[in-house]
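Observations on the model geometry
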Amino acid sequence: MNEIARSILSAEFVYSVIRVSTPLIFAVMGALLSEIAGVINIALEGMMLMAAFWGVIVSAFTGSAWLGMLAGLASAVLLALALAYFHLNLRTNLILAGIALNLFASGATVFLLYLISGDKGSSASIKSYVLPRVDIPLLKDIPFFGDALSGHHILTYLAFAAVVFVQYLIYRTPLGLRLRAVGENPEAAESVGISVRRVRYIALVLSGLMAGFGGVFLSMGYVSWFARDMTSGRGFIALAAQALGGKTAIGGMLGAMLFGLAEALSYTFQAIRIPSEFTNMMPFVFTLIALAVYARSVIARHRKAPSSSQPLEENTET
Amino acid sequence: MKEVALAVEMKEIVKVYPNGVVANRGVDFSVEEGEIHALVGENGAGKTTLMKILFGMEQPTSGQIKIFGKDVRIHSPHDAITLGIGMVHQHFMLVPSLTVAENVILGIEPRRGWSIDREKARKMVEEASEKFGLPIPPDEVVRDLPVGIKQRVEIVKALIRGAKILILDEPTAVLTPQETEELFESLRNLTEKGVTIIFISHKLKEVKAISHRLTILRDGRHMGTFVTDEITEEEISKRMVGREVELVIERPEPKPGEVVLRVEELGYVRDDGVRMLNGVSFSLRSGEILGVAGVEGNGQRELVEILTGLRSGATGSVKLHGEEILGLDAYGIRRRSVSHIPEDRVEFGVALKAPIWENVVSDRYWKPPFGGKIRIFPKVMKAFTAKAIEEFSIKADNPDTPVMMLSGGNMQKVVVAREFTSNAKLLIADQPTRGIDVGSTEFVRKKLIEARDSGLAILLVSADLQEILQLSDRIVVMYKGEIVGYFPQNRGLTEEELGYYMLGVKRHEPSRLKEAIVA
């Protein structure tokens with residue numbers, strides 16, 4: 001037990017929580033941007049996977065990590081545009097289209113990987129590049145905090161910047177107001193001349209961009225190769241984390257970090273020789289428990305609410 | 001009469017929907033600048049379609065539109081807004097979780113850099129609300145506002161976008177008499193500021209009270225435009241319906257029998273914690289109609305759903321002929337001779353794609369003579385339905401017609417036919433005449449009185465005060481989930497008086513409210 005406590009209280013552990021949270025934070029931002037506009041993005045998983053794949057391949061061929069990143073982002077955005085086109089132009093069911101794109105991404109990446117590298121499992125045989133780590137001056141010299149907060153991957157810092165950006169976008173800008181209006185009452189938005197379709201296109205593209213960053217981080221920072229289905233459910237965990245965090249970016253970030261914590265813990269347990277079959281399960285079991293606890297607490301909060309002071313909700317249906 | 005400029009001129013408007021329904025058959029409609037012009041007609045007469053065309057939500061099949069003398073084509077609401085046309089829809093186009101200011105500026109947000117300039121937004125809203133004499137609270141969340149204020153927000157929303165012509169689609173349907181009076185005051189105010197108002201309604205009293213001129217539509221045709229003061233209500237309704245309508249329904253003295261339903265201390269808290277019913281108590285005897293009045297959303301829907309077994313989780317006691325029925329499901333309650341005309345006929349009243357005969361027997365297909373132990377007998381069912389079609393004057397070719405093909409009024413008659421032929425002891429009628437034409441309304445109301453006289457106990461829930469006053473023998477008023485008013489008879493009672501209780505301004509003493517339970 002001592003061993004666990006010691007490893008959890010260490011700077012390395014905090015560092016690793018932040019590290020494993022990074023792709024989730026991006027994905028949760030993607031989930032939030034689509035959810036708020038009323039077009040839940042089930043294909044986050046596939047978009048991340050695509051971005052992870054193209055990041056590695058393009059960086060290997062061009063020799064530039066940055067070009068790899070751009071290619072990864074572009075591939076995720078393209079997938080988002082495809083989802084938007086299916087749902088908003090062809091009126092396909094959003095969930096079904098999302099599932100189809102996830103399956104497509106999973107299959108296409110393995111297929112292309114095999115064509116390019118001759119390997120169906122991973123890109124280990126190709127030399128690809130990673131994005132740099134950043135040491136923060138001054139902070140890096142402070143004991144504990146330096147080890148925990150400095151020296152992270154550049155996209156990790158960008159993830160936290162994205163949280164601030166998304167929060168600002170949703171609650172302070174005209175676009176954010178329109179996203180929320182379209183998500184809650186599309187007819188109202190339409191009646192004042194806002195194009196619901198355009199706003200939802202924007203939401204899905206932004207969502208895809210966020211998923212793209214998450215995917216690029218996985219293969220160009222977290223590790224330095226692509227492996228089949230390497231997102232391992234992070235796109236879906238992000239949807240759960242977003243539900244947990246509510247309609248704010250800050251809440252979403254905290255949700256993502258909660259899952260990051262669960263994942264980091266599972267690695268710690270692995271280190272003390274608890275079987276990996278068991279520890280690998282932890283983030284998913286945690287997802288289920290967290291959602292159940294959350295749902296119960298919401299119900300309990302409502303039950304306890306004083307009845308007399310609450311105004312009756314007006315019913316405008318006729 | 002002096003020459004006045006025309007704000008709106010619609011000529012020979014024809015609208016045929018893709019499914020073949022003809023909504024407008026060459027309608028001429030013109031509105032003078034600065035007047036309040038009422039557009040009247042029954043449901044389905046083509047009023048709303050005509051206005052949707054004017055607001056760019058529908059495209060006319062043929063016809064011309066002139067706005068302030070200029071030929072225009074209006075392809076979208078956006079075009080209409082640019083031309084100075086604003087519309088307040090029957091279902092409010094508001095985003096509940098946003099504030100009043102956010103709703104008003106949606107789509108025309110003032111900016112400072114990348115952000116919304118909130119200070120300026122608030123100022124814009126305050127200025128407009130001051131200028132037009134429509135007070136609204138800019139920082140309140142729309143969800144929590146009363147209906148009357150929400151409607152004001154909608155009007156300000158249109159005006160702030162530069163609307164010179166304001167279309168109001170049945171604006172009083174959701175308002176109490178007091179709120180209606182306030183709205184009318186505001187509208188008169190607006191015309192003084194040069195706003196032209198088109199007022200869609202089928203409530204003739206209101207049309208008489210507010211409009212300068214009126215245009216009548218029937219069956220997609222223009223039935224004349226009149227100066228309001230030069231035409232009587234009777235003449236208007238004759239032109240609307242195409243025949244004389246009995247505006248007063250004869251109601252003989254009730255002869256109440258034994259208590260059928262006894263509700264005591266009924267309480268209900270919704271899943272999200274809002275208390276929807278609190279200490280509701282009343283009783284209902286055979287051969288009488290108890291009216292439940294109230295602004296919608298004050299617990300009536302929950303009350304009906306609990307009494308009919310569609311909603312569980314209530315506290316208190318509901319006794320039918322002395323037997324506790326609270327907690328039984330809809331099947332259990334129907335088996336105990338309770339019938340129910342639901343508020344939303346499309347959602348709960350009928351199966352749209354099913355033929356009339358299946359709908360009419362849907363509550364009894366398993367019992368003789370309609371069904372045996374193993375099979376059902378469609379021939380018997382159809383014969384039964386054919387008789388019902390005649391008795392309830394449902395306009396349909398035969399029992400095999402899908403309900404979907406019927407008009408709203410005839411759909412409601414299918415529901416009524418089923419519920420009135422089930423040999424019930426208690427009928428719960430929730431908004432039985434909402435959204436149906438005058439002819440069918442009259443028919444349904446007469447049937448209710450007839451059924452009462454033959455000993456049925458009827459609980460009538462309605463937001464239509466005229467209906468409540470016309471049909472009820474006793475009346476309770478609901479406000480915020482409680483009964484706040486009890487009237488043992490309706491003689492001398494006015495809509496205004498009921499309105500005070502519906503708004504929570506007046507409230508009876510607990511001792512008087514207890515009288516709602518008669519032994």
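Located above this text is the structure these notes cover.
Residues numbered from 1 in each chain as written. Chains lettered and ligands numbered in written order. Predicted model: local features only at pLDDT ≥ 70, side-chain atom pairs only at ≥ 80, totals over all residues. Heavy atoms only, no water.

1. Comments concerning the overall build of chain B
Summing up its helical and strand segments, chain B has 18 helices and 22 strands in all. Projected onto its principal axes, the C-alpha positions of chain B cover 70 × 50 × 50 Å. In chain B, which comprises 519 residues, the share counted as buried stands at 54%. A fraction of 67% describes how many contacts in chain B between residues 6 or more apart in sequence connect residues 24 or more apart. For chain B, the computed accessible surface area is about 22,700 Å², with 50% contributed by carbon and sulfur atoms. Between the mean site of the 70 positive side-chain charges and the mean site of the 76 negative ones, chain B shows a separation of 4 Å. (Helix = DSSP H or I, 4+ residues; strand = E, 2+ residues; numbered from the N terminus. Buried < 20%, exposed > 50% of the residue type's maximum accessible area, 1.4 Å probe, protein only. Contact = heavy atoms within 4.5 Å. Areas by Shrake-Rupley, 256 points an atom, 1.4 Å probe, with all protein chains shown as cover. Lys, Arg positive; Asp, Glu negative; His and termini not counted. Charge placed at Lys NZ, Arg CZ, Asp CG, Glu CD.)

2. A few points about the sheet that holds strand β19 (residues 426–430) of chain B
Residues and elements named next belong to chain B. In space, the six strands of this open sheet follow the order β18-β19-β20-β15-β21-β22, with mixed pairing throughout. Two strands lie at the open edges of the sheet, namely β18 (338–341) and β22 (482–487), each paired on one side alone. Direction aside, the axes of adjacent strands within the sheet are offset by 20 degrees on average. Sheet analysis places β19 next to strand β20 (residues 457–461), joined by five bridges and oriented parallel. Looking across to β20, one finds that leucine 427 is bridged to isoleucine 458. Strands in contact with helix α17 (residues 495–502) are β21 (474–479) and β22; relative to β21, the strand with the most contacts, it is inclined by about 40 degrees. (Pairing = 2+ DSSP bridges. Axes fitted to C-alpha atoms, helices over the stretch in contact; angles between N-to-C directions.)

3. A look at the nonpolar core
All names here are of chain B. Ranked by internal contacts, the top residues of the largest apolar core, which has 132 residues, are Ile155, Leu187 and Leu190. Excluding its chain neighbours within four sequence positions, the residues that come into contact with isoleucine 155 are Val88, Leu134, Leu166, Leu168, Leu183 and Leu190. Ranked by size, the runner-up nonpolar core spans 35 residues in total, among them Phe282, Leu284, Ile325 and Val338. (Core = buried A, V, L, I, M, F, W, Y, C linked by side-chain atoms within 4.5 Å.)

4. A few points about the interface of chain B and chain A
Between chain B and chain A, the residue contacts involve 47 residues of the former and 31 residues of the latter. Carbon and sulfur atoms make up 56% of the surface buried where chain B meets chain A, a total of about 3,500 Å² over both sides. Broken down residue by residue, the surface that chain B buries against chain A is led by Met93, Leu106 and Ile116 of chain B, which jointly contribute 14%. Across the chain B-chain A interface, the total number found is two salt bridges. Residue glutamate 109 of chain B pairs with arginine 178 of chain A through a salt bridge whose shortest N-O separation is 2.6 Å. Linking chain B with chain A are seven residue pairs in polar contact (both at pLDDT 80 or more), by the criterion used here. (Buried area = accessible area lost by both parts, 1.4 Å probe. Salt bridge = Lys/Arg side-chain N within 4 Å of Asp/Glu carboxyl O. Polar contact = N/O pair within 3.5 Å; in protein donor to acceptor, adjacent residues only side chain to side chain.)

5. Focus: the pattern of salt bridges
Residues and elements named next belong to chain B. Under the definition given, this model contains 40 salt bridges over all chains. The partner of arginine 188 in a salt bridge is glutamate 181, with the nearest N and O atoms 4.0 Å apart. Relative accessible area serves as the criterion here: at 29%, arginine 188 is assigned to the partly exposed category. Lysine 447 is paired through a salt bridge with glutamate 391; the nearest N and O atoms lie 3.6 Å apart. Taken together, the residues span a long stretch of sequence, with lysine 447 in helix α15 (residues 438–453) and glutamate 391 in helix α13 (residues 378–391) at a distance of 56 residues. Glutamate 391 sits in the partly exposed class, given a relative accessible area of 47%.

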